[in-house]
Amino acid sequence: MRDVRTTNGEHEAAVARLREAYAAAPPGTPVRLAKRTSNLFRFREASGGPGPVLLDVSAFGHVLSVDPVTRTARVGGMTTYEDLCDATLPHQLMPLVVPQLKTITLGGAVTGLGIESTSLRSGMPHESVTEMEILTGDGRVVRATPGNEHADLFRGFPNSYGTLGYSLSLTIELEPVRPYVHLRHFPFETAEACMEAISQIAAEGSYQGHRADFVDGTAFGPGELYLTVGAFSDVAPWRSDYTGQQIYYQSVRRDREDFLTIRDYLWRWDTDWFWCSRPFGVQKPMVRRFWPRRYRRSDVYRKLVALDRTYNLSGRVDARRHLPAREAVIQDVEIPVERGADFLRFFQEDVGMSPVWMCPLRLRGERSWPLYPLQPGEVYVNFGFWGTVPLPAGLNGPADGYYNRLIEDQVAKLGGHKSLYSESFYAEDEFYERYNGEAYRALKHAYDGEGRLLGLYEKCVRGR
Ligand SMILES: Cc1cc2nc3c(=O)[nH]c(=O)nc-3n(C[C@H](O)[C@H](O)[C@H](O)COP(=O)(O)OP(=O)(O)OC[C@H]3O[C@@H](n4cnc5c(N)ncnc54)[C@H](O)[C@@H]3O)c2cc1C
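Just so it is clear, the model here is predicted, and its values are computed rather than measured. (Residues numbered from 1 in each chain as written. Predicted model: local features only at pLDDT ≥ 70, side-chain atom pairs only at ≥ 80, totals over all residues. Heavy atoms only, no water.)

1. Focus: helix H1 (residues 8-24)
Right, on to step 1. End to end, H1 covers 24 Å across 17 residues, agreeing with the expected 24 Å (1.5 Å per residue, within 8%).
Right, on to step 2. When H1 is considered as a whole, its buried residues turn out to be His11, Ala14, Val15, Leu18 and Tyr22. End-on, the buried residues of H1 take up no more than an arc of 105°, which puts them together on one face. Exposed residues on H1 whose side chains face more than 90 degrees from its buried face are Arg17, Glu20, Ala23 and Ala24. (Helix = DSSP H or I, 4+ residues; strand = E, 2+ residues; numbered from the N terminus. Expected span 1.5 Å × (residues − 1). Buried < 20%, exposed > 50% of the residue type's maximum accessible area, 1.4 Å probe, protein only. Arc of directions from axis to C-beta.)

Take a look at the structure:
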């Protein structure tokens, strides 16, 4: 296992070095994080301008401390959830929300909004942060808490995507775990029935007598949807293993009940990147047998996709075969549960991609977060879909965003929101109307007055 710990002294020294490196970057030069991994789905094209200054943030990829008594951890901002959980699970503790992909980092999930199957119970990752140490765009290092002089930055950090500053360390709450998770997969024949079940779970905390410590679901088509409800368990009459030949998302259709260790549960989607390992052939038994286990991971597949995007390999193969160009439709959107069935109907008729991941969520606290205004108390369903769709004849090409624009319009009509980790096509006015431009501009002025970091629109829509 990798060494996931660091000391306070090493951390303080790394903060001082980073601050100096940032101050030394020539004004007007773009600044970027030099990170080993990313889960963003915006692949930058070369801008033609000066190359960016890369900030070495490798020193912030460690856990500083885990306190089993207060059930808190202090964690470097670039620490992956895989390393974070390796540090907390030996204490029978885990972060309140653990995004499913191993290399998502705590800082990335807080600034870019994470979600997982505990989100109906525990909200989003930023809601269990109690303190953040942030290198701001104007070069200060500040400590932001919900109640101090930087409370506005604390509340505006989620959904700012590193455009106000970078979190160097975060203190988070942890919750106790049991050794196993007992999963039950409930089938539904209509989206309406599935959304009603989610509302019922949100109200009662269980479904058909099974405690809902975890809830997510998979829609394979209009008449085939499943909700997976997980309860912590001290015992496991049997244990499944989806890191080998078996594939988790396929088991949901087949089995009604399952047991996983807590660690295998947390990473159940990572081995096959939900179902997105399919185009690489990894789900074919012959290929799977020879594909090394250590490479059955979401970060490996993402690197393969990045290569494909860079060299347009699959685009060229399609063109040679005279197949229509395809548009990447990789998005997560949040829709109020009452309109969830409408969204699925639209998606199946107008986009036609499956499966779709469904993950219910509700803010944990009473207050909303200015840059991603979900309503406290309201139940939403996150729909995640990641793939490509053939474009209708006569369209110019994938860059037009034909399907992505349809989705943006529909999400707005249904009172929902769209995550910004992937491509977006909003006009600037509309974008800042949806993502609280007024609050954002005030924060940008206060913490990055000279605009050393990109603005939110430039970064998330123009993809600079
Ligand atoms: C197929 C797919 C499925 C996904 N599924 C899920 C899911 O199930 N659950 C979920 O929670 N998320 C999911 N995501 C989204 C993912 O959580 C976000 O993309 C998240 O922002 C990625 O974080 P990262 O740590 O990999 O950061 P990066 O990809 O490295 O960076 C993301 C952005 O955050 C900024 N950033 C990174 N670290 C920091 C920091 N410490 N301080 C300030 N800014 C920082 C970067 O500048 C960048 O703009 C999914 C994405 C994809 C492509």
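2. Quick notes on the site of the ligand
Right, on to step 1. For the ligand, the set of nearby residues contains 32 residues, the closest of which are Lys35, Ser38, Gln100, Thr105 and Ile115.
Right, on to step 2. Note that an oxygen atom of the ligand is positioned 2.5 Å from one of the side-chain N or O atoms of threonine 105.
Right, on to step 3. The separation between a nitrogen atom of the ligand and a polar main-chain atom of serine 167 is 2.9 Å.
Right, on to step 4. Out of a free accessible area of 950 Å², the ligand has 97% covered by protein chains.
Right, on to step 5. Elements with a contribution of two residues or more to the shell around the ligand: helix H3 (106-112) and strand S8 (165-176).
Right, on to step 6. The element contributing the most residues to the shell around the ligand is H3, with four residues.
Right, on to step 7. Tallied by class, residues from the shell around the ligand come to 16 nonpolar, 14 polar and two charged.
Right, on to step 8. Each of domain 1 (8-177) and domain 3 (312-425) gives at least three residues to the shell around the ligand. (Near = heavy atom within 4 Å. Polar contact = N/O pair within 3.5 Å; in protein donor to acceptor, adjacent residues only side chain to side chain. Areas by Shrake-Rupley, 256 points an atom, 1.4 Å probe, with all protein chains shown as cover. Nonpolar A, V, L, I, M, F, W, Y, C, P; charged D, E, K, R; others polar. Domains from an automatic or database assignment.)

3. Some details on the sheet that holds strand S9 (residues 180-188)
Right, on to step 1. If you trace the eight strands from one edge of the open sheet to the other, you get S14-S9-S13-S12-S16-S17-S15-S18, paired in antiparallel fashion. At either margin of the open sheet sits one strand with a lone partner, and together these are strand S14 (257-261) and strand S18 (417-418).
Right, on to step 2. Strand direction decides the pairing type here: strand S16 (residues 356-361) and strand S17 (residues 380-390), joined by five bridges, are antiparallel. Bridge pairing in S17 links tryptophan 357 to glycine 384.
Right, on to step 3. Along the sheet face, helix H12 (residues 340-350) touches strand S12 (214-221), strand S13 (224-233), strand S15 (326-336), S16 and S17 and points at about 0° away from the line of S17. (Pairing = 2+ DSSP bridges. Contact = heavy atoms within 4.5 Å. Axes fitted to C-alpha atoms, helices over the stretch in contact; angles between N-to-C directions.)

4. A few points about the packing of helix H6 (residues 191-204) against H12
Angle between the axes and distance between the axes are the two parameters that describe a pair of packed helices.
Right, on to step 1. At their nearest, the axes of H6 and H12 sit 8 Å apart, and the two run at 145° to each other. For the pair H6 and H12, the sense of crossing is right-handed. The residues of H12 that touch H6, namely those facing Ala191, Glu192 and Met195, are Gly340, Ala341, Leu344 and Arg345.
Right, on to step 2. Considering only residue class, the contact of H6 with H12 consists of four nonpolar, one polar and two charged. (Left-handed = near helix turned anticlockwise from the far one by under 90°.)

5. Regarding the nonpolar core
The tendency in soluble globular proteins is for nonpolar side chains to be buried as a group.
Right, on to step 1. One finds Ile262, Leu266 and Phe431 to be the most contacted residues of the largest nonpolar core, which totals 85 residues.
Right, on to step 2. Examining the composition of this core, we find that four residues originate from one element, helix H2 (residues 81-88), more than from any other.
Right, on to step 3. Those residues in contact with phenylalanine 431 that lie beyond four places of it in its chain are Leu420, Tyr426, Leu456, Tyr457 and Val461.
Right, on to step 4. Cys194, Ile198, Leu225 and Leu391 belong to the second-largest nonpolar core, a separate cluster that totals 40 residues. (Core = buried A, V, L, I, M, F, W, Y, C linked by side-chain atoms within 4.5 Å.)

6. Quick notes on the pattern of salt bridges
Right, on to step 1. Per the counting criterion, the structure on display carries 24 salt bridges.
Right, on to step 2. A salt bridge links aspartate 86 to arginine 263, with the nearest nitrogen and oxygen atoms 3.3 Å apart. With aspartate 86 in helix H2 and arginine 263 in helix H8 (residues 262-266), the pair connects residues that are 177 residues apart, well separated along the chain.
Right, on to step 3. For aspartate 86, a relative accessible area of 13% translates into the label buried. (Salt bridge = Lys/Arg side-chain N within 4 Å of Asp/Glu carboxyl O.)

7. Looking at the environment of valine 305
Right, on to step 1. If you trace the backbone, valine 305 turns up in helix H10 (residues 298-311).
Right, on to step 2. In sequence terms valine 305 and phenylalanine 280 are 25 residues apart; their C-alpha atoms lie 9.6 Å from each other.

8. Points about H6
Right, on to step 1. Here H6 is 14 residues long and its end C-alpha atoms lie 20 Å apart, about the 20 Å a rise of 1.5 Å per residue gives.
Right, on to step 2. Regarding H6, the residues found buried are Ala191, Cys194, Met195, Ala197, Ile198, Ile201 and Ala202. Across the axial projection of H6, the buried residues extend over an arc of 155°, all falling on one side. Exposed side chains of H6 directed beyond 90 degrees from the buried face belong to Glu196, Ala203 and Glu204.
Right, on to step 3. Glycine 205 sits one or two residues past H6 and shows a positive phi near 75°.

9. A look at the domain arrangement of the protein chain
Right, on to step 1. By domain assignment, the protein chain separates into domain 1 (8-177), domain 2 (180-234 + 245-264) and domain 3 (312-425).
Right, on to step 2. Its C-alpha centre places domain 1 at a distance of 30 Å from the equivalent point of domain 2.
Right, on to step 3. Buried surface at the junction of domain 1 and domain 2, summed over both partners, amounts to about 880 Å²; 65% is from carbon and sulfur atoms.
Right, on to step 4. A per-residue breakdown of the area domain 1 buries against domain 2 is headed by Ser117, Leu120 and Arg121, which together make up 50% of the total.
Right, on to step 5. For the pair domain 1 and domain 2, the interface holds one salt bridge.
Right, on to step 6. Along the contact surface separating domain 1 from domain 2 lie three residue pairs in polar contact (both at pLDDT 80 or more). (Buried area = accessible area lost by both parts, 1.4 Å probe.)

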